[in-house]
Amino acid sequence: MDNEESSPQPGPRRQRRLAAKYRRRRTFVAVAAVLIIGAPVTIAVAVHNLGANISSSPLRAHGGDVPEKLTDETNVLIIGSDTRDLASAKDASEDLGTGEGANSGAASGQGFGSAEGARSDAMILAHVAADGGRIDAVQIPRDTIMDIPACDDTGHGASAATHGMINSALNAGPACSVSAAEELTGVRVDHFINVDFDGFSAIVDALDGINVDLDEPLNDPKANLDLPAGHQTIGGEDALALARTRHAVGDGSDISRMGNQQMVMEAIIDRAKSGQVLTRPDRLYGFLDAVTSTIGVDDELDSMRALASLATTVASVPEDDITFEIMPWTPAPEDPNRVVKSAEADAVFTAIIDDEPITDIVG
């Protein structure tokens, strides 16, 4: 919004290249399964302790109409939250100073700027087909401009209807993000999973780090990021900085950093599924403990049984049947540094509503 710096977007040709690159990386949505399923034996032994970690809140922030559901599909809104009322917010604000570039908010990598509350650094609408054989996931750019509906107080304060970036809806809680996503897409959301990026660092550290391979050195002082090129194992703070940085990649846009976010998530999945974790009960429990302490879910997912059931469904989908796309967009008429959904995006969301593959639209 006004307290967040512009994040210039790539042109149409650049967007197509990025979309093609990300289409090949279909594992981002699978992080939801890894984050909530772990290993059945560990869940069976420690279900009480792990279940007690999970926080929940209402799915809906109002009693009004919600989009109609036409089939038995499951739609999950996965939110990566950039919480600004933590200690790191103050530190980052001091690091950035108070000049023109200080109020960058979620756009500026790890820096929080001066905004209060929370913003969604990542928002993914994951559609599990009614037959359980396909997942279509659409990442919604945080810079998407829209009319955000009013939200009742679900524990984060009520909010009035406003016109602004979709990522600001989270300031009134996950239920308001759900309302905004439903307003934007017309898709009825059945569940949400909110992953706090500050807890994200603890997840990586519980795995004793993750392995990444960088094509070039990445440096972004605003994100406290300074990594060399090549294969390396990084800890939680560096993983968080890598996922957040805009200034060290591409043209500095929100869309250009999505590749790093997916790379980090893929590395977490690979590490969590490795023998170094699955055959080490202490390490596996530490990972699951960090995960369940980090995520927030809607009321219907507030149990290990419900989470494991959803995760089992997600994990059973073959990788070739998981499609990941960035929401088709066009520059916002009022601000070329922001985006609005395009006509193609409407076609994608209509396909999801009808439980049809989105590859028929964007493939």
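Throughout, a residue's number is its position along its own chain's written sequence, starting from 1. For this predicted model, a pLDDT threshold of at least 70 governs which residues receive local features, and a threshold of 80 or more governs which side-chain atom pairs are given and counted, while totals over whole chains, interfaces and linings are taken from all residues. Working from all heavy atoms in the structure, the side-chain values ignore hydrogens and water.

Enquirer: Can you walk me through the nonpolar core in this structure?
Expert: A general feature of soluble globular proteins is that nonpolar side chains tend to end up buried together. Only buried Ala, Val, Leu, Ile, Met, Phe, Trp, Tyr and Cys residues count toward a nonpolar core, and they belong to the same one when joined by side-chain atoms within 4.5 Å. Accessible area is worked out with a 1.4 Å probe on protein chains only. A residue is then buried under 20% of its type maximum, exposed over 50%, and partly exposed in between. In this structure, Ile193, Phe200, Ile210, Leu242, Val264, Ile268 and Phe287 are the most contacted members of the largest nonpolar core, which totals 54 residues. Each helix is a run of H or I in the DSSP string that is no shorter than four residues. Each strand is a run of E no shorter than two, and both are numbered from the N terminus. A per-element tally of this core places helix 8 (residues 258-272) first, with 6 residues. The contact rule is simple, with two residues in contact once any of their heavy atoms fall within 4.5 Å. Leave out the neighbours within four places in its chain, and Val264 touches Phe200, Ile210, Ala239, Leu242 and Ala243. Of all hydrophobic cores here, the second largest spans 36 residues; its members include Leu59, Leu125, Cys176 and Ile352.

Enquirer: What exactly am I supposed to notice about the pairing of strand 7 (residues 191-196) here?
Expert: Two faces, one strand: in a regular strand the side chains alternate between the faces of the sheet. For strand 7, the tally of buried residues reaches 5 of 6 residues, placing the bulk of the element in the interior. Pairing of strand 7 with strand 12 (residues 295-298) involves 3 bridges; the strand directions are antiparallel. Residue pairing across strands places Ile193 opposite Val297, the latter belonging to strand 12. Pairing between two strands is assigned when DSSP locates at least 2 bridges connecting them.

Enquirer: Would you take a moment to explain the packing of helix 6 (residues 197-206) against helix 7 (residues 236-244) for this structure?
Expert: In a pair of packed helices, the angle between the axes and the distance between the axes together describe the arrangement. Angular values range over 0 to 180 degrees, each being the angle between N-to-C directions of two axes fitted as lines to C-alpha atoms, with helices fitted over their stretch in contact. Relative to each other, helix 6 and helix 7 sit at 135°, their axes nearing to 7 Å. What the angle tells us is that helix 6 and helix 7 run oblique. The crossing of helix 6 and helix 7 is right-handed. Residues Phe197, Asp198, Phe200, Ser201, Val204 and Asp205 of helix 6 form the contact with helix 7, whose participating residues are Gly236, Glu237, Ala239, Leu240 and Arg244. Charged residues are taken to be Asp, Glu, Lys and Arg, nonpolar residues to be Ala, Val, Leu, Ile, Met, Phe, Trp, Tyr, Cys and Pro, and polar residues to be all remaining types, Gly included. Each residue belonging to the contact of helix 6 with helix 7 can be placed in one class, and the counts come to 5 nonpolar, 2 polar and 4 charged. Angles are sorted into four bins: roughly parallel if under 35 degrees, roughly antiparallel if over 145, roughly perpendicular if 65 to 115, and oblique for all others. Crossing handedness: left-handed means the near helix sits turned counterclockwise from the far one by under a right angle, and right-handed means the same turn made clockwise.

Enquirer: Mind showing me how you'd approach the pattern of salt bridges here?
Expert: Salt bridge, as used here: a side-chain nitrogen of Lys or Arg that lies within 4 Å of a carboxyl oxygen of Asp or Glu. As enumerated under the stated definition, the model contains 10 salt bridges in all. Between Asp355 and Arg134 there is a salt bridge, with its nearest N and O atoms 3.3 Å apart. Taken as a pair, Asp355 in the loop between helix 12 (343-353) and helix 13 (359-362) and Arg134 in the loop between strand 3 (118-128) and strand 4 (135-139) lie far apart in primary sequence, 221 residues in all. Per residue, the accessibility class of Asp355 equals that of Arg134, and both read buried. Here Arg283 ties to Asp208 by a salt bridge, and the two come within 2.9 Å at their closest N and O atoms. On the criterion of sequence distance, the pair formed by Arg283 in helix 10 (residues 281-294) and Asp208 in the loop between helix 6 and strand 8 (210-214) is long-range, its members being 75 residues apart.

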